[in-house]
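Chain by chain, the residues run as shown.
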Amino acid sequence: MRQKIVAGNWKMNLDYAEGLALFNEVSDLIKTDITGVQQAIVCSPFIHLQSLAALAKGNIAVGAQNAHQNESGAYTGEISAKMIASVGAAYVILGHSERRQYFGETNGLLAKKTDTVLKHNLKPIFCIGETLQEREANTHFDVIKSQLVEGIFHLSADDFAKVVIAYEPVWAIGTGVTATADQAQEIHAFIRKEIAAKYSQAVADGITILYGGSCNPKNAPELFAKEDIDGGLIGGASLKARDFVDILKVFN
Ligand code: PGA
């Protein structure tokens, strides 16, 4: 059985007090409402990480939304994987489409970030997904394959097994337009097939693949019922405790 995960991506939202309040609300709801073994992950801004990691218990873990590719040094304003690990975070989102789009992150850079994050025993939540133009041009399978090959297929099978993949079609992020469950399943199955071809069926069967893009408590049941969809990476709906935990509850 693959691990079922619902990860919240708070993006650049919530000041320190607001973040703590939301996290406590989520923890309380999880205690009362979640009866399964599904994993909740809260990916907060760096500012909140240390405090949230100290509060994270049971099936809640904490993650960052980015990490620098280098170990340390003269990179003003950046945060290293070692720093993230040192405060007790367990995950790091890498390659979110907003990082690719607004900060110029390429597959090659993300391959380096993945190595550094794994070196510090953090688990990458590696995001891939096509833009609307790429889907309309019918190049979405090629785009996703390149993101896999250039971003994470250099890893050993042991390291690869630590990666969580998030398929997030860029056209569905923050737009209110969700991929249909069939559209998402088609890509998830494709991703798993590529992993099986590169590594093995056993490795492919063990990898958690999340769907992200306007996922909410209403559409999550249909998405998560699909064979290859193992949970979600949630933006907007993760800022409301009730919605986030309702999405997690789909796996009860
Ligand atoms: P959204 O964001 O749920 O607000 O569409 C998802 C994401 O960007 O991870």
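Provided above is the structure to which this section pertains.
If you're wondering where the values come from, they're calculated on a predicted model, not measured in any experiment.

Peer 1: Honestly, the site of the ligand in this entry has me stumped. Any pointers?
Peer 2: Taken together, 13 residues form the shell around the ligand, and within it K11, H96, E168, G174 and S214 come nearest. A distance of 2.7 Å separates an oxygen atom of the ligand from a polar side-chain atom of E168. Protein burial of the ligand: of its 280 Å² of free accessible surface, 95% is covered by the chains. In terms of residue class, the shell around the ligand is made up of 4 nonpolar, 7 polar and 2 charged.

Peer 1: Hey, could you run me through the packing of helix α5 (residues 107–119) against helix α7 (residues 140–151) in this one?
Peer 2: Between two packed helices, the angle of one axis relative to the other and the distance separating the axes together describe the packing. As a packed pair, α5 and α7 sit with axes 8 Å apart at the nearest point and diverge in direction by 45°. Accordingly, the angle class assigned to the pair α5 and α7 is oblique. Note that α5 runs across α7; the crossing there is right-handed. Facing N107, L110, A111 and T114 of α5, the residues of α7 in contact are S146, Q147, E150 and G151.

Peer 1: Where do I start with the side chain of R100 in this structure?
Peer 2: By the secondary structure assignment, R100 is in helix α4 (residues 97–102). Nearest to the buried, unbridged R100 among oppositely charged side chains is E105, at 6.9 Å. A distance of 2.7 Å separates polar atoms of two side chains, one belonging to R100 and the other to N107. Aside from chain neighbours lying at most four places away, what touches R100 is G95, E105, N107, L110, F126, C127, I128 and Q147.

Peer 1: What is the right way to look at the nonpolar core in this model?
Peer 2: The nonpolar side chains of soluble globular proteins are, as a tendency, buried together. Membership of the largest hydrophobic core comes to 65 residues, with the highest contact counts inside it found for I152, F160, I165, I191, I195, Y211 and F224. For I152, the contacting residues outside a window of four places in its chain are T114, F126, Q147, F160, V163, I165 and Y199. By size, the runner-up hydrophobic cluster in this structure holds 13 residues, among which are A7, I41, C127 and A166.

Peer 1: Just to check I follow, could you spell out the pairing of strand β6 (residues 164–167) for this structure?
Peer 2: Across a regular strand the side chains alternate sides, sitting on one face of the sheet and then on the other. Along β6, one buried face is formed by V164 and A166 and the opposite face, lined by I165 and Y167, is buried too. Summarising the sheet, strand β5 (residues 123–128) and β6 pair through 4 bridges and their orientation is parallel. Opposite F126, over in β6, you have I165 as the bridge partner. Two strands pair when backbone bridges link them, and β6 and strand β7 (residues 209–212) are joined in this way by 3 bridges, in the parallel orientation. From the neighbouring strand, A166 faces β7, where its bridge partner is L210.

Peer 1: Can you help me understand the packing of α7 against helix α9 (residues 181–198) in this one?
Peer 2: Running from N to C, α7 and α9 point in directions that differ by 45°, and their axes come no closer than 11 Å. By the angle class used here, α7 and α9 are oblique. Where α7 crosses over α9, the two elements pack in a sense that is right-handed. Here α7 contributes H140, F141, I144, K145 and L148 to the contact with α9, which in turn contributes E186, I187, F190, I191 and E194. In terms of residue class, the contact of α7 with α9 is made up of 6 nonpolar, 1 polar and 3 charged.

Peer 1: Mind showing me how you'd approach unusual backbone geometry here?
Peer 2: Comment: phi is negative for the bulk of residues other than glycine, and the bulk of peptide bonds are trans. Positioned with a positive phi, N138 is a non-glycine residue whose angle comes to about 60°. Relative to the helices and strands, N138 is located in the loop between α6 (132–136) and α7. Looking at N138, the relative accessible area reads 58%, which means it is exposed. Backbone geometry places S214, a non-glycine residue, at a positive phi of 55°. The buried category is assigned to S214, whose relative accessible area is 19%.

Peer 1: Explain the pairing of β5 to me, please; I cannot follow it from the model alone.
Peer 2: Most of β5 sits inside the fold, with 5 of its 6 residues counted as buried. In this structure, strand β4 (residues 91–94) lies alongside β5, joined through 4 bridges in parallel fashion. The residue of β5 that forms the bridge with V92 is P124.

Peer 1: Which parts of the structure should I look at to understand the packing of aromatic side chains?
Peer 2: Working definition: an aromatic ring pair is given by the centre-to-centre distance plus the angle between the planes. Scanning all chains against the criterion turns up 6 aromatic pairs. Between the aromatic rings of F153 and Y199, the centroid separation amounts to 5.7 Å while the plane-to-plane angle is 85°, which identifies the pairing as edge-to-face. A residue pair is termed long-range when its members are at least 10 positions apart, and F153 in the loop between α7 and α8 (157–160) and Y199 in the loop between α9 and α10 (201–206) qualify at 46 residues. Since its relative accessible area comes to 8%, F153 is described here as buried. Between F224 and F251 the ring centres are 4.9 Å apart and the planes differ by 5°, which places this aromatic pair in the stacked class. Remark: F251 occurs in the segment after α12 (241–249) and F224 occurs in helix α11 (residues 220–224); sequence separation between them is 27 residues. Within the aromatic cluster, the residues linked to one another by ring pairs are F153, F160 and Y199.

Cut-off values and rules
In this convention, every chain numbers its residues from 1, walking through the sequence in written order. Local features in this predicted model are restricted to residues of pLDDT 70 or higher, and side-chain atom pairs are both shown and tallied only at a pLDDT of 80 or more, whereas totals for entire chains, interfaces and linings draw on every residue. Hydrogens and water molecules were not included; the side-chain quantities draw on all heavy atoms of the structure. Residues are classed as near a molecule or strand on a simple rule: at least one heavy atom within 4 Å of it. The term polar contact refers here to a pair of N or O atoms within 3.5 Å; inside protein, the definition further demands a hydrogen-donor-capable atom paired with an acceptor-capable atom, and it admits residues adjacent in sequence only when both atoms are side-chain atoms. Per-residue and other accessible areas were derived by the Shrake-Rupley procedure at a 1.4 Å probe size, with only the shown protein chains allowed to occlude residues. In the scheme used here, Gly and all other residues not listed as nonpolar or charged are polar, with Ala, Val, Leu, Ile, Met, Phe, Trp, Tyr, Cys and Pro taken as nonpolar and Asp, Glu, Lys and Arg as charged. To get an axis, fit a line to the C-alpha atoms, keeping to the stretch in contact for a helix; angles then go from 0 to 180 degrees between the N-to-C directions. A run of DSSP states H or I qualifies as a helix once it reaches four residues; a run of E qualifies as a strand once it reaches two. Both are numbered from the N-terminal end. An angle below 35 degrees is treated as roughly parallel, one above 145 as roughly antiparallel, one from 65 to 115 as roughly perpendicular, and anything else as oblique. A clockwise turn of the near helix away from the far one marks a right-handed crossing, whereas an anticlockwise turn of less than a right angle marks a left-handed crossing. Here, residues are in contact when the closest pair of their heavy atoms is within 4.5 Å. Note on classification: 1.4 Å probe, protein chains only; a residue is buried when its accessible area is under 20% of the maximum for its type, exposed when over 50%, partly exposed between these limits. Charged-residue counts in this description rest on Lys and Arg as positive and Asp and Glu as negative, His and the chain ends being excluded. Each reported salt bridge corresponds to a side-chain nitrogen of Lys or Arg within 4 Å of a carboxyl oxygen of Asp or Glu. We call a set of buried Ala, Val, Leu, Ile, Met, Phe, Trp, Tyr and Cys residues a nonpolar core when their side-chain atoms join them within 4.5 Å. Between any two strands, pairing holds if DSSP finds at least two bridges. Aromatic pairs are defined between Phe, Tyr and Trp rings, using the six-membered ring for Trp, whenever the two ring centres lie within 6.5 Å; interplanar angles under 30 degrees are classed as stacked, those over 60 as edge-to-face, and all others as tilted.

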